[in-house]
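Structural overview for review
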Amino acid sequence: MGHRLPCVSRLLLLDGHSLAYRAFYALPVENFSTTTGQSTNAVYGFTSMLINVLRDEAPTHVAVAFDRSRQTFRTQEYAEYKAGRAATPSEFVGQVDLIKQVLDALRITHVEVDGYEADDIIATLTGQARSQGMEVLILSGDRDAFQLVDDRTLLLYPVRGVSETWRMTPEKVEEKYGVRPERYSDLAAMVGESSDNLPGVPGVGPKTAAKWLAAHGDLSGIVSAADQLTGKAGQALRDHLDQVLRNRRLNQLVGDVPLEVGVDDLQARGWDREEVHRVFDGLEFRVLRDRLFSTLESAETEAEEGIEVEGQALPAGEVASWLDRYAGAGSRTAVVVHAAPRTAAGPGEATAVGLAGAEQAAFVDLVDLGPDDETALAGFLLDPAREKVLHEAKGQVRSLEERGLPVEGIVSDTALAAYLVRPDQRSYDLADLALRYLRRELRLDDEPEAQGQLELAFGADDTAEAAAARSAMVHARAVHDLSLALDTELADDEEQALLRDVELPLVGVLRRMERAGIAVDVDGLQRLEREFADAMTQAQQDAWDAIGDDTVNLGSPKQLQTVLFDTLALPKTRRTKTGYTTDADALAGLYAQTEHPFLEALLRHRDKTRLRITAEGLIKSVADDGRIHTTYQQTIAATGRLSSTEPNLQNIPIRTEEGRRIREIFVVGRDGQGDFESLMSADYSQIEMRIMAHLSGDEGLIEAFRTGEDLHRFVGSRVFGVDPEDVTLEMRSKVKAMSYGLAYGLSAFGLSKQLGISTGEAKGLMDEYFERFGGVRDYLRDVVAEARRSGFTETILGRRRHLPDLVSDNRQRREMAERMALNAPIQGSAADLIKVAMLRTERGLQEAGLRSRMLLQVHDELVLEVAPGEQERVEQVVREQMGSAADLQVPLDVSVGVGRTWHDAAH
DNA sequence: TTCGGCACGTA
DNA sequence: CGTACGTGCCGAAG
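In this report, we go over the structure that sits alongside the text. (Residues numbered from 1 in each chain as written. Chains lettered and ligands numbered in written order. Predicted model: local features only at pLDDT ≥ 70, side-chain atom pairs only at ≥ 80, totals over all residues. Heavy atoms only, no water.)

**Some words on the pattern of salt bridges**
Throughout the structure, instances matching the rule amount to 59 salt bridges. In this structure, the salt-bridge partner of Glu275 is Arg278, at a minimum N-O distance of 2.9 Å. Taken as a pair, Glu275 and Arg278 lie in helix α12 (residues 273-283) at a separation of 3 residues, close to a single helical turn. Judged by its relative accessible area of 24%, Glu275 falls in the partly exposed class. In this structure, Arg811 and Glu815 form a salt bridge, with 4.0 Å as the shortest nitrogen-oxygen distance. With Arg811 and Glu815 both in helix α35 (residues 811-847), this residue pair falls 4 residues apart, about one helical turn. When its relative accessible area of 31% is taken as the criterion, Glu815 is described as partly exposed. Among the charged side chains, a network of salt bridges with common partners joins Arg10, Glu57, Glu135, Arg152 and Arg167. (Salt bridge = Lys/Arg side-chain N within 4 Å of Asp/Glu carboxyl O. Helix = DSSP H or I, 4+ residues; strand = E, 2+ residues; numbered from the N terminus. Buried < 20%, exposed > 50% of the residue type's maximum accessible area, 1.4 Å probe, protein only.)

Structure follows, in structure tokens:
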């Protein structure tokens, strides 16, 4: 795709020292060291740049030039050349040798010559390459290299860290400095170069120098005309003429350095895989090694081709024999479903399936399926011994079930597997996965490559049916091959087990929960919606009255800003990208300062609007059975949590009394067998804090949970040094905010903001906390350090999240990744636990022969519908199964409530 | 019509 | 300058 074909030889030259220095100062040294204490930030940054340029530019020849010593002809002429530089930092020492080891492993030539600088070597090789008609790319952070740029010699000049370079063409040099590249050294001689300790002419900057060069051609022209130069700058030049000419001699690169290698010796060779592993292991560069292998190996592979598939649309009566021959027990068969479009009445019913085994694919039309074929297909789908793989199995199975074809024996879901491999992708689209893991294009329809053998099966008469069959079989082939490829991509046995024992079985649980839905008191909901709407209108009128303007749209932040900060001239709030925030926090702050009635009405309007919209959305979601059926997304949240959509039932209000009223309309309902008795809500108390106690092994926190005392009271007594009974409500709430904040990477600043206290007080609070709970402090520090080393975080069940930004040279991104690394094991382990709890609870209910069923999951809470007479037994199952989902160093506390509505079941 | 930004609900 | 989500509205872009 991106890389060029090597018709013309392309030589890539790197300035090893300047790039290593760039990297050293761009990446925080404290974040890059091996367990033995060797600093590696310069090696990391250099190697990262090297990989990027190899990937993006696909050179045919490569060399890296290094300075050998500071003694060169330049220091002989001018002792102060490059003097005044700070001594080489001790952490940098030794990294250049490590870089050379990396280069050796990659079989990239590096060159250094006594008495010359890297730039001179680069100039010499550039000259040789140009005379042979090669294109040249130079990657250097030294501006002296600008003089080498021409229409076939491009300079990649790093800006901002190690991830961004400017492509310096002659035009770009001229745009930046006002002169062509061949005149850049003349300009630099006058302007000076502080990094080389070459002083410029006082009062002469790039603008003046460029103007003179434009007028007089080059530096010698300027020298000849020096007497005619006007102004102070002209006089200054005359006064410093010797210095300018000396600068010019020094910044002239040497084009004839005696070298032992020639351009032909620099041809890119295959790299030494074993040596790469050895060197990268020693450097503890796991992320970078992955990147190296994936970028360089993909460049080596052939251009992507389409999916090849062999198969046919099965004629009537042939389904059984095809299945026996190509989809027997012990082999793996991909199933891809074509479904009718989803309607208001329900999900789309399956109309056809594509199948693919190891060898052959097939297409089965379900619309006019004969009884024998139906039996054969149904038997195959239901047989757990005949292993099936699907992509996004939940929806596919749902369509098949609608068609009366239940499925058992699913051994992989390619979307779920890909999610476990890389949990923070935006989508797991089949075509994307095929490209990424199979390096195959998932082409459809008129692409001849995808047709292949299929032409034979359908002949020239390419009907719509044939196209559908082809598409289904190509997809099935992709799913089959992907499922094998993804098996090997899963990091280890633990992740395989996570897929097999947790995520895959959960698909069925979620499907049943979605199908069950939750009953709704529609009349009550409509009354509520009206009530909120009326209150909203009233609030709007009050707000308009307060400012004497009934044209302002209170829902428009832009118009609100005009009212607040122009018309009312209130104090400015926190900045956003487009202006000043009007969020509830800021408005409340303004109200506290000014008590302006508009603010009160506006906040009330916000509240009521929100509630009305929530109620309205729920009304729209009620299905014909009087219930709301959410959809759970299993591959969205990078931490491993589920999410809920259409509608989202994981963000139903609970914090305010008014909001809680919405929970009253979620009520106990009935199914085909009759009425249920109640709703039951069971949640883990302080699950994330318990996981933090477990993962950190902090004795204080573990004791807190084992004593069974109120957690925040216990922690408060330690932090404030008082007896538990003397912990005031204020102390408790501060400690509570801090405890939860810690799991998100909260800073003292953030804590102070939230609690409305000074940063100093917040800092003191955190220090005191960490003093008392040192295990937590150590854990939070170590978890980030470990993730930085390995490149990923891990949960209790081995769910990984990769965080390459932990080594970003961009501070914002790096610190964001650090907070993610801190939070992911905690939030993710909690997600692991509740998923296990769901599996066990469903199995427990089933084994106990109970009709009661699970309806909702809200991260740490399960909502169940309890059948008459089953309450006690259901509670026992739920407590037991949720409580034993994992064996932690602290008990898992489950609290249970029961009631007619979700609100009443809260506790 | 599409999309980014804002605001806000939950754990 | 606290993590993870989904949704609705506005207003600028198309």
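**Some remarks on the packing of α35 against helix α36 (residues 871-883)**
Where α35 contacts α36, the two axes come as close as 8 Å, and the packing angle between them is 145°. Judged by the twist between their axes, the crossing of α35 over α36 is right-handed. In this structure, α35 uses Ile834, Ala837, Arg840, Thr841, Gly844 and Leu845 to contact α36, whose residues at the interface are Val874, Val877, Val878, Gln881 and Met882. (Axes fitted to C-alpha atoms, helices over the stretch in contact; angles between N-to-C directions. Left-handed = near helix turned anticlockwise from the far one by under 90°. Contact = heavy atoms within 4.5 Å.)

**As for helix α4 (residues 95-105)**
Along α4, 8 of the 11 residues are buried, which leaves the element largely enclosed by surrounding structure. Its buried side turned inward, α4 meets α1 (16-26), α2 (41-57), β2 (61-65), β3 (109-111) and α12. Just downstream of α4, Arg107 is the residue with a positive phi angle, here 55°.

**Re a negative patch on the surface**
Among the surface-exposed residues, Glu709, Asp723, Glu725 and Asp726 lie close enough to one another that they form a single negatively charged patch. Along the chain, the position of Glu725 falls in the loop between α30 (711-720) and α31 (729-742). (Patch = residues over 30% accessible without salt bridge, like charges linked within 9 Å, V, L, I, M, F, W, Y side chains within 5 Å. Areas by Shrake-Rupley, 256 points an atom, 1.4 Å probe, with all protein chains shown as cover. Lys, Arg positive; Asp, Glu negative; His and termini not counted. Charge placed at Lys NZ, Arg CZ, Asp CG, Glu CD.)

**Structural notes on the sheet that holds strand β15 (residues 518-520)**
Across the sheet, which stays open at both edges, the 3 strands sit in the order β18-β15-β21 with antiparallel pairing between neighbours. At either end of the open sheet lies a strand with only one pairing partner, and these are β18 (627-628) and β21 (666-667). Inspection of the sheet shows β15 paired to β21 by 2 bridges, in the antiparallel sense. In the sheet register, Val520 faces β21, and the bridge partner there is Phe666. (Pairing = 2+ DSSP bridges.)

**Some words on the sheet that holds strand β13 (residues 410-413)**
Taking strand neighbours across the sheet as the criterion, the 6 strands line up as β8-β11-β10-β9-β12-β13 in an open arrangement whose pairing is mixed. In this open sheet, the two edge strands, each paired with only one partner strand, are β8 (311-313) and β13. Taken over all neighbouring pairs, the strand axes of this sheet differ in orientation by 25° on average, direction set aside. Pairing analysis gives 3 bridges linking β8 to strand β11 (residues 361-365), with the strands arranged parallel. Within β11, the position partnered with Ala313 by the bridge is Phe363. Helix-sheet contacts for helix α17 (residues 414-421) involve β12 (387-390) and β13, and the interaxial angle to β13 is about 55°.

**Overview of the protein's contact with DNA strand B**
Near DNA strand B you find 19 residues, and of these Thr581, Thr582, Ala584, Ile654 and Arg655 are the closest. A distance of 2.9 Å separates a phosphate oxygen of DNA strand B from a polar backbone atom of Ala584. Within the side chain of Arg641, one N or O atom sits 3.1 Å away from a base nitrogen of DNA strand B. Of the residues assigned to the surface near DNA strand B, the class counts are 5 nonpolar, 7 polar and 7 charged. (Near = heavy atom within 4 Å. Polar contact = N/O pair within 3.5 Å; in protein donor to acceptor, adjacent residues only side chain to side chain. Nonpolar A, V, L, I, M, F, W, Y, C, P; charged D, E, K, R; others polar.)

**As for the packing of aromatic side chains**
With the rule as written, the count across this model stands at 18 aromatic pairs. Both rings, one in Phe24 and one in Phe92, keep their centres 5.4 Å apart while their planes meet at 85°; by these two values the pair is edge-to-face. Note that Phe24 is positioned in helix α1 and Phe92 in the loop between α3 (73-77) and α4, a separation of 68 residues in sequence. Like Phe92, Phe24 is buried. In textbook terms, an aromatic cluster arises when at least three aromatic residues are bridged by ring pairs, as seen for Tyr21, Phe24, Tyr25 and Phe92. Taking the ring centre of Tyr157 as reference, the NZ or CZ of Arg22 above it sits at 5.1 Å. Between the NZ or CZ atom of Lys172 and the centre of the ring of Trp166, over which it lies, the distance is 5.3 Å. (Phe/Tyr/Trp six-rings, centres within 6.5 Å; stacked < 30°, edge-to-face > 60°. Lys NZ or Arg CZ within 6 Å of the ring centre and 35° of its normal.)

**Considering the pairing of strand β6 (residues 164-168)**
In this structure, strand β5 (residues 153-159) lies alongside β6, joined through 5 bridges in antiparallel fashion. The partner of Val159 across the bridge, within β6, is Glu164. Linking β5 to β6, which pair antiparallel, is a turn of 4 residues; within it Arg160 sits at a positive phi near 50°.

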